[in-house]
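# Results of the structural survey
Each chain is listed here by its residues.
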Amino acid sequence: MKIKDGFAKRNIAGAEIVVPVGKTAIEFNGMITLNETGAFIWDCLQKETTEQEITAKLLEEYDVSEQKAAEDVSKFVTMLRENGLIEE
């Protein structure tokens, strides 16, 4: 899975924001504000990956339990799927 084309992450005044670009802006009316973990997961999803691979990367980057990392990844990916931002 990976992020669909047509979305860009930008740092605006210290906040990580995802906005639709090009034709996607017509279909997706809004923006998403990411916290640090969300921005990290978003970056991982720029290329084809799995939830397990993202969880492993979170464990390397942050001092967090494997259970918490897996839960965070699952919740974030579910939100992206529900909003049509992931291609499988």
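Anything mentioned here points back to the structure above.
Reading the values: the criteria
- Residues numbered from 1 in each chain as written.
- Predicted model: local features only at pLDDT ≥ 70, side-chain atom pairs only at ≥ 80, totals over all residues.
- Heavy atoms only, no water.
- Pairing = 2+ DSSP bridges.
- Helix = DSSP H or I, 4+ residues; strand = E, 2+ residues; numbered from the N terminus.
- Phe/Tyr/Trp six-rings, centres within 6.5 Å; stacked < 30°, edge-to-face > 60°.
- Buried < 20%, exposed > 50% of the residue type's maximum accessible area, 1.4 Å probe, protein only.

### Here's the deal with the pairing of strand S3 (residues 15-20)
Strand direction decides the pairing type here: strand S2 (residues 7-12) and S3, joined by 6 bridges, are antiparallel. Pairing of Lys9 across the sheet is with Val18, part of S3. Where S3 meets strand S4 (residues 32-34), 3 bridges bridge the pair, whose relative direction is antiparallel. Looking at S4, one finds that Val18 is bridged to Ile32.

### Considerations on the packing of aromatic side chains
Throughout the structure, instances matching the rule amount to 2 aromatic pairs. Taken together, a centroid distance of 5.3 Å and an interplanar angle of 85° make the contact between Phe7 and Phe28 edge-to-face. One end of the pair, Phe7, is in strand S2; the other, Phe28, is in the loop between helix H1 (24-27) and S4, and 21 residues separate them in sequence. On the basis of relative accessible area, Phe28 is assigned to the buried category, the value being 17%. Relative to Tyr62, the ring of Phe40 has its centre 5.6 Å away and its plane inclined at 80°; by these criteria the two rings are edge-to-face. Highlighted residues: Phe40 in helix H2 (residues 36-44) and Tyr62 in the loop between helix H3 (51-61) and helix H4 (66-82), separated in sequence by 22 residues.

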